[in-house]
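Secondary and tertiary structure notes
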Amino acid sequence: MEYIKLQVGCLSFLFLIIFFYVRDTGFSKNRKSISLFRIICITSILFIIFDALTAYFVNNLDIINHKLNLILHLCFYISIELLMFLMFLYILTITESIPQKLWKKIIIILPFLISIIISFVFIDDVVFLQGKLSNYSGAGSASSCYLIVVLYFLLTIATFCKHWKNIEKRKLMTIIVYLSVSMCVLCLQFFYPDVLITSIVPVIFVLGIYLNHEEPAVKKLMETNKNTVVDFATLVENRDNNTGGHIKRTTAYVKILVDELRAKKLFSELLTKDFSNNLEMTAPLHDIGKIATPDSILQKTGKLTDEEYAEMKKHSENGAKIIKETFGMHGNEDFIEMAYEVALFHHERWNGKGYPLGLKGEEIPLCARIMAIADVFDAISQKRCYRDAMPLDTCFEIIEKGKGVDFDPLLVEVFLEIRPKVEQVYNEI
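A brief report on the enclosed structure follows. Small disclaimer: the values here were computed from a predicted structure and weren't measured.

Further remarks concern the overall build of the chain. When helices and strands are counted, the chain shows 18 helices and two strands. Compactness check: the chain gives a C-alpha radius of gyration of 28 Å against a globular reference of 22 Å for 429 residues, more than 25% above the reference. A principal-axis box enclosing the C-alpha atoms of the chain has dimensions of 95 × 40 × 40 Å. Residues counted as buried form 49% of the 429 residues belonging to the chain.

The subject of this paragraph is the packing of aromatic side chains. A complete count under the given rule lists 17 aromatic pairs for this structure. Ring geometry for Phe 47 against Phe 76: centres 5.4 Å apart, planes inclined by 15°, an arrangement best described as stacked. Here Phe 47, found in helix H2 (residues 36-58), pairs with Phe 76, found in helix H3 (residues 66-94); they are 29 residues apart in sequence, far enough to count as distant. With a relative accessible area of 1%, Phe 47 lands in the buried category. Chaining the aromatic ring pairs together yields one cluster made of Phe 85, Phe 88, Phe 112 and Tyr 152. Just above the ring of Tyr 355 sits the side chain of Lys 313; from NZ or CZ to the centre is 5.3 Å. We note Lys 324 situated over the ring of Tyr 340; from NZ or CZ to the ring centre the distance is 4.8 Å.

Let us now look at a positive patch on the surface. Taken together, the side chains of Lys 101, Lys 104, Lys 162 and Lys 265 define a basic patch exposed on the protein surface. Tracing the backbone through its elements, the reader meets Lys 265 in the loop between helix H9 (245-263) and helix H10 (273-282). With relative accessibility at 62%, the residue Lys 265 sits in the exposed group.

This paragraph deals with the pattern of salt bridges. Evaluation of the coordinates by the stated rule reveals 19 salt bridges. In this structure, Glu 260 and Lys 421 form a salt bridge, with 3.9 Å as the shortest nitrogen-oxygen distance. Residue Glu 260 is found in helix H9, and its partner Lys 421 is found in helix H18 (residues 419-428); the two are separated by 161 residues along the sequence. Its relative accessible area of 17% is what places Glu 260 among the buried residues. Lys 421 gets classed as partly exposed once you look at its relative accessible area, which sits at 42%. Across the salt bridge formed by Lys 290 and Asp 287, the nearest N and O atoms sit 3.6 Å from each other. The class of Lys 290 is buried, set by a relative accessible area of 19%.

Residues of helix H16 (residues 392-401) that are buried: Leu 392, Cys 395, Phe 396 and Ile 399. The buried residues of H16 all sit within an arc of 95° when viewed along its axis, so they share a single face. Tucked inside the fold, the buried residues of H16 contact helix H15 (366-381), helix H17 (409-417) and H18.

Time to look at the pairing of strand E2 (residues 135-138). Burial of the side chains of E2 extends over both faces: Asn 135 and Ser 137 are buried on one face and Tyr 136 and Gly 138 on the other. The pairing of strand E1 (residues 127-130) with E2 spans four bridges and is antiparallel. Within the sheet, the bridge partner assigned to Gln 130 lies in E2 and is Asn 135. Counted along the chain from E1 to the antiparallel partner E2, the turn is four residues long.

Once that is clear, we can look at the packing of H16 against H17. Packed helices, taken two at a time, are described by the angle their axes make and the gap between the axes. Direction vectors running N to C along H16 and H17 enclose 155°, while the axes themselves pass 9 Å from each other. Looking at the two axes, H16 sits roughly antiparallel to H17. Between H16 and H17 the crossing geometry is left-handed. On H17, the residues that touch Phe 396, Ile 399 and Glu 400 of H16 are Val 412, Phe 415 and Leu 416. Looking at the contact of H16 with H17, its residues break down into five nonpolar, no polar and one charged.

Another point: the nonpolar core. In terms of nonpolar packing, the biggest core is built from 59 residues, with Ile 40, Tyr 90, Ile 175 and Phe 205 touching the most fellow members. Residue assignment for this core shows that the elements contributing at least two residues are helix H1 (5-25), H2, H3, helix H4 (102-121), helix H5 (141-163), helix H6 (169-191) and helix H7 (200-214). Residues within four places of Ile 40 in sequence aside, it is in contact with Leu 83, Leu 86, Tyr 90, Phe 205, Val 206 and Ile 209.

With that out of the way, let us pick up unusual backbone geometry. Note that the residue after Tyr 355, namely Pro 356, is joined by a cis bond; omega there is 15°. Its place among the elements puts Pro 356 in the loop between helix H14 (333-345) and H15. One non-glycine residue, Lys 265, lies in positive phi territory at about 60°. In the Ramachandran plot, Phe 267 falls in the positive-phi region, its phi being about 50° despite a non-glycine side chain. We classify Phe 267 as partly exposed; its relative accessible area is 22%.

Our focus in this paragraph is the side chain of Gln 189. Looking at the element boundaries, Gln 189 is found in helix H6. Given the relative accessible area of 12%, Gln 189 is considered buried. Setting aside residues up to four positions removed in sequence, Gln 189 forms contacts with Val 195, Leu 196, Ile 197 and Thr 198.

Evaluation of the coordinates by the stated rule reveals one cavity of 30 Å³ or more. In this structure, the largest cavity spans a volume of roughly 50 Å³. Around the largest cavity, the lining residues are Phe 345, Glu 348, Arg 349, Trp 350, Ile 364, Ala 368, Arg 369, Ala 372, Asp 406, Phe 407 and Asp 408. Partitioning the lining of the largest cavity into residue classes produces six nonpolar, no polar and five charged.

The rules behind these values
- Residues numbered from 1 in each chain as written.
- Predicted model: local features only at pLDDT ≥ 70, side-chain atom pairs only at ≥ 80, totals over all residues.
- Heavy atoms only, no water.
- Helix = DSSP H or I, 4+ residues; strand = E, 2+ residues; numbered from the N terminus.
- Rg over C-alpha atoms; globule rule 2.2 N^0.38 Å.
- Buried < 20%, exposed > 50% of the residue type's maximum accessible area, 1.4 Å probe, protein only.
- Phe/Tyr/Trp six-rings, centres within 6.5 Å; stacked < 30°, edge-to-face > 60°.
- Lys NZ or Arg CZ within 6 Å of the ring centre and 35° of its normal.
- Patch = residues over 30% accessible without salt bridge, like charges linked within 9 Å, V, L, I, M, F, W, Y side chains within 5 Å.
- Areas by Shrake-Rupley, 256 points an atom, 1.4 Å probe, with all protein chains shown as cover.
- Salt bridge = Lys/Arg side-chain N within 4 Å of Asp/Glu carboxyl O.
- Lys, Arg positive; Asp, Glu negative; His and termini not counted.
- Charge placed at Lys NZ, Arg CZ, Asp CG, Glu CD.
- Arc of directions from axis to C-beta.
- Contact = heavy atoms within 4.5 Å.
- Pairing = 2+ DSSP bridges.
- Axes fitted to C-alpha atoms, helices over the stretch in contact; angles between N-to-C directions.
- Parallel < 35°, antiparallel > 145°, perpendicular 65-115°, else oblique.
- Left-handed = near helix turned anticlockwise from the far one by under 90°.
- Nonpolar A, V, L, I, M, F, W, Y, C, P; charged D, E, K, R; others polar.
- Core = buried A, V, L, I, M, F, W, Y, C linked by side-chain atoms within 4.5 Å.
- 1 Å grid on protein atoms, 1.4 Å probe; cavity = no way out; pocket = protein on both sides within 12 Å on 5 of 7 lines; lining within 4 Å.
- Points joined across faces, edges and corners; volume = space filled by probe spheres on them.

The values reported here are purely geometric and, on their own, carry no functional implication.
In structure tokens, the structure reads:
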């Protein structure tokens, strides 16, 4: 046990994480595929087991067959190469930077495949060296394994540094921690190869993913918060004889528009992952101020008088006030600020003729400019108590005519490009 105490401890801790994960999620029979997290867990278990076996037998060469020792080391090399590849793949996934072209995907996986081949071919060249703290393996497959581990780790770091804006702020610190720990272990193993501590890497990696990405309680809390916002907004919307369709559709229009903007790398400085998530969460609250608008105005079938229209326009300022007072203790300042801006400014117009402040152009926050297009499109494409729904072609024409007048011209161009997706939402909701 002298040489495998660390591995046993790491394996025990890893099983504890998996126990909590399985306890809270269960084994769903409806899952069509194994999640990347589960693959990482399985690989981590195998890696630590092979790490323990090789650590024990490399220090007891007299009690094990040489061929069997080489086979165990081969399994260990492949498992660590696979783990580092999965770490790289996971960072690609959460930063939304997985390449779409086949040849790029091949380039990503090619070093891993080559390293496996090299591990098989040169496994007989592995030598076992004596260190101060422990014996260890070197040369042959061991060298190629270390090189591929370093390569994928550098690619992981480069991807993270380039696309970190696509990760929520709450997840950044955890990722930085497990990448930093991995870097320290790699450096330590390079300068002191007889310090066998590589089993720390998969444990920190799995723990980091679990806490910030897969932990069921976190997912449930986020889903509860989202549902609470939608339910609250729907309750207000029901006052003007709407059953929540406006909220669902405008939120969907906002999401597909933002996704397209991010795909085209437009407004890249602003459209972070947090921006996208917050806007999807705040979109349902854009008309929350209507809770203070009298029913006689909301449900009026005829044209509003000037006084009634002035009262109706107050819903923007009322909504901003309600958000500050109601969600002020939410704890997410970015969410509160965006909800405030969406509620207050979604009726501002690009030419400065909107309300309540008459902002124009880029003075209007991007979130409100996006919301304005989704809100107007849905308003004209649906039946209201005072008029019938307009044909879809007419609705898109109105949005196009509003380019540079009512709406941000660039946003209009992108919105028109995603017409098929918009029509799909229109037909489904």
